[in-house]
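Chains, contacts and geometry: an overview
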Amino acid sequence: MKVDVVLGLQWGDEGKGKVVDVLTPSYGVIARFQGGPNAGHSLKFNGKKYVLHTIPSGIFRASAINIIGNGVVMDPVIFADEVKELEKMGEEIEGRIKISKKAHLIMPTHRMLDAASEQAKGKTKIGSTLKGIGPTYMDKTGRNGLRVGDILLPDFKERYGALKAKHEEMLKNYNYSYDIAEYEKQWFEALEVVKRFDIIDSEYEIDNYLNHNKGILAEGAQGAMLDIDFGTYPYVTSSNTTTAGVCTGLGVAPSRIGRIYGIFKAYCTRVGSGPFPTELFDKDGDTLCEVGCEFGATTGRRRRCGWLDLVALKYAVMINGVNSLIMMKADVLNGFDTIKVATSYIVDGVETDRYPFDSQAKVEPVYTEFEGWNCDISKATSYDELPRELKNYIAFIEKEVQVPVKIVSVGPDRSETILR
Ligand code: GDP
Ligand code: IMO
Ligand code: MG
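Presented here is a report on the structure given in the accompanying data block. (Residues numbered from 1 in each chain as written. Chains lettered and ligands numbered in written order. Predicted model: local features only at pLDDT ≥ 70, side-chain atom pairs only at ≥ 80, totals over all residues. Heavy atoms only, no water.)

By nearness alone, 21 residues border ligand 2, and Asp 13, Lys 16, His 41, Thr 129 and Thr 237 come closest of all. Separating an oxygen atom of ligand 2 from a backbone N or O atom of Ile 126 is a distance of 3.5 Å. For ligand 2, an oxygen atom lies 2.6 Å from a polar atom in the side chain of Thr 237. Here the residues of the shell around ligand 2 are counted per class, giving 8 nonpolar, 10 polar and 3 charged. (Near = heavy atom within 4 Å. Polar contact = N/O pair within 3.5 Å; in protein donor to acceptor, adjacent residues only side chain to side chain. Nonpolar A, V, L, I, M, F, W, Y, C, P; charged D, E, K, R; others polar.)

What follows is the structure, encoded as structure tokens:
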């Protein structure tokens, strides 16, 4: 067996949660491999919407095991809140959530460092979700971090205290005032919730699942354009959001990666700062935001909206080795007479089909226009039922990107999904 992968190809919020939930019945195990509670993955079924931040999106399918991999950074307080919510809903989660010993812990002071760093950056701030992601990954690569497995050690409190003291010094240098007493109390209480779940050597367990023919689906967080290496640096997150991250974030060899599903919206959104070549500042942008309910699932912030960007999409497909595309939120375009897609950029007067290195570069998109379909597609149940104009739009994307669109999502609900 191999590990299949679901990844975002844009700036996050493509609909990964919904797709993972839809695909879970074909897999025994769902595994998050990077990111942390900066993610907000929404699922909808039976008329209700759920948002997950740390727990993989396979949790609502009774038989699936859900693994939080070593590449993830985890805030116990947010994890414990999610557990409480799921239990309140009557979900059987005992024995179905497993956490890597090697996943790193987000401490209360990491959250403060995130906020202090953003405040110090002023106008050049990243627009972080302020969940402590950057500072926690900095401690990981700086070889200072605390890992989930450490909570079982007798000297955990001392280790915590030593790292906290380091952070307090840094916060003094930032001249940042804060009070973490209440959050810290909750944090230690939440560690007891974490201890109720299996804390595992996930690389061995995953190897075992694969050897016993249990299918694994790796669930990405964020998107390719937020990748620490290949995204719009420095306006990115602090992990590898791309396929390579699955190998390091779960301990899976590249030869064991199987199908790679790349998810994109039929248009584009971005939340936080940074380049967004096809961003719209007009009525069309407002319509995309309103019809698409484009407000962050984690922070509630309004998402910036714009047309589909094939330069960025092709780049993301290349970096990830995507072999199946999944198009989300096609229904949000229902009311448009004309739909635009960027097929190249003009950068410094020169036309290019490459994504520019410089995040300050002045990029002007070159658009191709399409006729809209002007009808409601949310009731469609098969590809054949989709309007001709939408099929043309999809065929154009497939031709440009050279990867087939295998799934078209026409609404937020589990059921509003067309498999080709
Ligand atoms: P994720 O972070 O990639 O899991 O995506 P989010 O959950 O942050 O954002 C996607 C949003 O779009 C959520 O509110 C979903 O309920 C919603 N959504 C997903 N697929 C569709 C779709 O096909 N049509 C519409 N209208 N909404 C969708
Ligand atoms: P999902 O998994 C959209 C963005 C933030 C900010 C930048 C850095 O739901 O798609 P961070 O908190 O990581 O330091 O923020 O990345 N960002 C996301 N945008 N969806 C996400 O996750 C995101 N996670 C982080 O807005 O611009
Ligand atoms: Mg999201």
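The rest of the description comes next.
As a further point, take the site of ligand 1. In the vicinity of ligand 1 there are 20 residues, among which Lys 16, Ser 42, Lys 49, Asp 331 and Ser 409 approach most closely. Measuring from an oxygen atom of ligand 1, one finds a side-chain N or O atom of Arg 303 at 3.1 Å. Between ligand 1 and the protein, one listed contact pairs an oxygen atom with a backbone N or O atom of Gly 411 at 3.1 Å. When ligand 1 is considered free in solution it has 590 Å² of accessible area, and contact with the protein chains removes 95% of it. Sorting the residues of the shell around ligand 1 by element identifies helix H1 (16-23) and strand S3 (41-45) as the ones contributing at least two each. Broken down by element, the shell around ligand 1 gets its largest block of residues, 3 residues, from H1. (Areas by Shrake-Rupley, 256 points an atom, 1.4 Å probe, with all protein chains shown as cover. Helix = DSSP H or I, 4+ residues; strand = E, 2+ residues; numbered from the N terminus.)

Moving on, we come to the packing of helix H5 (residues 156-174) against helix H6 (residues 181-194). The geometry of a pair of packed helices is captured by two quantities: the angle between their axes and the separation between those axes. It is the contact of H5 with H6, at a shortest axis distance of 14 Å, that shows an interaxial angle of 145 degrees. In this structure, H5 meets H6 at a crossing whose hand is right-handed. On the side of H5, the interface is formed by Phe 156, Lys 157, Tyr 160 and Lys 164, while H6 contributes Glu 184, Trp 187, Phe 188 and Leu 191. (Axes fitted to C-alpha atoms, helices over the stretch in contact; angles between N-to-C directions. Left-handed = near helix turned anticlockwise from the far one by under 90°. Contact = heavy atoms within 4.5 Å.)

Another point: the nonpolar core. Counting residues in each nonpolar core, the largest one holds 60 residues, and the members touching the most others are Met 327 and Tyr 393. At 6 residues, the largest contribution of residues to this core is made by helix H11 (residues 388-401). Formed by 36 residues, the second largest nonpolar core is a distinct cluster that contains Ile 55, Val 83, Tyr 160 and Phe 197. (Core = buried A, V, L, I, M, F, W, Y, C linked by side-chain atoms within 4.5 Å. Buried < 20%, exposed > 50% of the residue type's maximum accessible area, 1.4 Å probe, protein only.)

Attention now moves to the sheet that holds strand S15 (residues 324-328). Taken in spatial order, the 10 strands line up as S9-S7-S5-S2-S10-S1-S11-S15-S19-S20 in an open sheet, and their pairing is mixed. What marks the edges here is a single partner per strand, and that holds for strand S9 (198-200) and strand S20 (417-419). Between one strand axis and the next, the sheet turns through 20 degrees on average, direction left out of account. Examined bridge by bridge, strand S2 (residues 29-32) and strand S5 (residues 65-68) share 4 bridges and lie parallel to one another. Following the sheet pairing, Arg 32 is matched in S5 by Ile 68. Seen against the sheet, H1 touches strand S1 (3-8), S2, strand S10 (216-219), strand S11 (257-265), S15, strand S19 (405-409) and S20 and runs at an angle of roughly 155 degrees to S1. (Pairing = 2+ DSSP bridges.)

A word on the coordination of the magnesium ion (ligand 3). Protein coordination at the magnesium ion (ligand 3) comes from Asp 13 (OD) and Gly 40 (O), with a distance range of 2.1 to 2.2 Å. Of this pair, Asp 13 sits in the loop between S1 and H1 while Gly 40 sits in the loop between S2 and S3, and the two are 27 residues apart along the sequence. (Donors = N, O, S within 2.8 Å, 3.2 Å for Na, K, Ca; no water.)

Before going further, it helps to spend a moment on the side chain of Thr 54. Inspection of the secondary structure puts Thr 54 in the loop between strand S4 (48-52) and S5. On the accessibility criterion, Thr 54 (0% relative accessible area) is buried.

Relative to the helices and strands, Thr 298 is located in the loop between helix H9 (283-291) and strand S13 (304-306). Overall, Thr 298 belongs to the partly exposed group, its relative accessible area being 21%. Each C-alpha atom of the pair Thr 298 and Gly 40 lies 5.0 Å from the other, and the pair is 258 residues apart in sequence. Contacts of Thr 298, omitting those with residues within four sequence positions, involve Pro 37, Asn 38, Ala 39, Gly 40, His 53 and Lys 131. Side-chain polar atoms of Thr 298 contact the side chain of His 53, separated by 3.4 Å.

Distances and angles like these do not, on their own, reveal function.
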